[in-house]
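Below are the chains, spelled out letter by letter.
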Amino acid sequence: MPSLGADMEHGKMVEWLVKPGDFVHRGDVVAVVDTDKTVMDVESFEEGVVAELLVDVGTTVPIGTPLARITQTPDDGAGQSSPPPAAPQVKPRPEEAGAQVPPPVRHLAHQLGVDTSEIRGTGKHGAVTRADVERAAAAEARPGRVPAVPAAGRIRSSPRARRLADQLGIDIGTVPGTGPDGAVTEGDIQRAVQGTAASEPTGEASPPAQGALPAEVPLPAEEAPPSEAPSEAQDRLSSLRRAVGSLMSRSKKTIPHYYLSTTLDLRAAVAWMQLENQQRPVASRLIPSALLLKATALAARDVPEVNGFFTDGVFRPSSSVHLGVAVALRHGGLVAPAIHDADTLAVDVLMQKLRDLVSRARAGRLQRAEMADPTLTVTNLGDLGVEAVYGVIYPPQVAMVGLGRLMEQPWAHDGMVGVRAAVTATLSADHRVSDGLRGARFLARIDELLQQPEEL
């Protein structure tokens, strides 16, 4: 069980994406783990054959607990005295449909509700590729297509639908599926909850059904109707709040915070962005957050005292800028996964990674490295109308940047008063590592970079 954050002590096995006999490469997603904060993917650190799964689904174990055994050759773990047969090393024939399904591809198939056994792979030696799965999903979604009959006793559903059904205590076998080939989707589960709530007799008007909400998960504890029994989702939210509260209490007790703020002049950045967006399709247009994040990452590279970790009484600056981005979760709480090497990414690429990261964070599909190694965190509450935010440092990091909303405000320059676009930026920093001089230099560097947005 890997450590997926500085405050993580244990994790719960939610789903295995491999089985004994599967060959995995380093970096392949092999399992899904539930922490106190979110559900995250776990990648393999080794390459070889999965010999044995050591932790059952639903089991909670401390970090450091072995989850699976991977060998260089197939091994059933039964104590064979002779070498294991070499058959699994034989490359499957191309005509064998679905002969090889790498774990990441199987993961995608789970998400799309696609049965890989029915796919003819177009990859090397007949392996099923991501493109094969996506084509199959598109074909199954064609209007007028007659759904195939699932195998006896098998209920097709996405992992998110299964997790939601477990949270709400719904028997997924009783829910009619509307997905590809009758697969049960998350929306089907929510409609089933709504129907259940509507059928329960009451002596007064019922509260709005959870399935009618735009959110994709149960109501958080603070919004749940008073008459509703405590649910697993509420317990999860309470656990998340406790974990975050414990970490922030430790941060305030052990880190001597100091705070600075400044107003960033975005006139040049917004003007450049508007001209740039006129030449782009809507889907690829830039947003101010991408420029602010890129400027912050470059400034952190130039002022290393805000970028790194304070551990064992020593500050260790990071040679890379892995920018943590605070993301509010749909069921409550927040996580701050990292955009790796943000200072080296083009603004377009950084914006794409930001959208992908937010989407996967809210879907519970983050990876271990994204949670374990942010070197500096940014929190942006501007979309909620907040003008300034003063964050609490996430240990062992040594700084946090807060960004408020983009505003038009009076601006005096060279004896003239005009209106400019501006954002309030704040810095919470560790006085053991830096001081007001270096912190001010960092904020000033962000402002300098934003005056030449075409060079970001």
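Higher on the page you've got the structure.
Now for a description of the structure that goes with this document.

**What about the pairing of strand β19 (residues 416–430)?**
No. 1: Across the 15 residues of β19, 11 count as buried, placing the element largely inside the fold.
No. 2: Where strand β8 (residues 257–265) lies against β19, 9 bridges are found, and the strand directions are antiparallel. Within β19, the position partnered with Thr262 by the bridge is Ala425.
No. 3: Pairing geometry for strand β17 (residues 399–403) and β19, over 5 bridges, is antiparallel. Following the sheet pairing, Leu403 is matched in β19 by Ala425.
No. 4: As paired strands, strand β18 (residues 407–413) and β19 are joined by 7 bridges and run antiparallel to one another. In the sheet register, Trp411 faces β19, and the bridge partner there is Gly418.
No. 5: Between β18 and β19, which pair antiparallel and follow one another directly, the connecting turn spans 2 residues, one of which, Asp414, has a positive phi of 55°.

**As for unusual backbone geometry**
No. 1: The residue after Pro395, namely Pro396, is reached through a cis peptide bond having omega 10°.
No. 2: In this structure, Asp312 is a non-glycine residue whose phi angle is positive, near 55°.
No. 3: With respect to the helices, strands and loops of the structure, Asp312 is situated in the loop between β9 (308–311) and β10 (314–317).
No. 4: Despite not being glycine, Asp341 has its phi angle at roughly 50°, a positive value.
No. 5: The residue Asp341 is located in the loop between β14 (338–339) and α8 (347–363) in this model.
No. 6: Judged by its relative accessible area of 31%, Asp341 is partly exposed.

**Details of the sheet that holds strand β4 (residues 39–43)**
No. 1: The 5 strands lie next to each other as β6-β1-β3-β4-β15, forming an open sheet whose pairing is mixed. If you trace the sheet from one side to the other, it starts and ends with β6 (60–62) and β15 (366–367), each paired once.
No. 2: As defined by bridge partners, strand β1 (residues 10–16) adjoins strand β3 (residues 29–34) across 4 bridges and the pair is classed as antiparallel. Bridge pairing in β3 links Glu15 to Val32.

**Quick look at the packing of helix α7 (residues 288–302) against helix α10 (residues 436–450)**
No. 1: Relative to each other, α7 and α10 sit at 130°, their axes nearing to 8 Å. Between α7 and α10, the angle falls in the class oblique. When you trace α7 past α10, the crossing you get is right-handed. Taken together, the residues of α10 that come into contact with α7 (itself represented by Leu291, Leu292, Ala295, Thr296, Leu298, Ala299, Ala300 and Asp302) are Phe442, Arg445, Ile446, Leu449 and Leu450.
No. 2: Tallied by class, residues from the contact of α7 with α10 come to 10 nonpolar, 1 polar and 2 charged.

Basis of the calculations
- Residues numbered from 1 in each chain as written.
- Predicted model: local features only at pLDDT ≥ 70, side-chain atom pairs only at ≥ 80, totals over all residues.
- Heavy atoms only, no water.
- Buried < 20%, exposed > 50% of the residue type's maximum accessible area, 1.4 Å probe, protein only.
- Helix = DSSP H or I, 4+ residues; strand = E, 2+ residues; numbered from the N terminus.
- Pairing = 2+ DSSP bridges.
- Axes fitted to C-alpha atoms, helices over the stretch in contact; angles between N-to-C directions.
- Parallel < 35°, antiparallel > 145°, perpendicular 65-115°, else oblique.
- Left-handed = near helix turned anticlockwise from the far one by under 90°.
- Contact = heavy atoms within 4.5 Å.
- Nonpolar A, V, L, I, M, F, W, Y, C, P; charged D, E, K, R; others polar.

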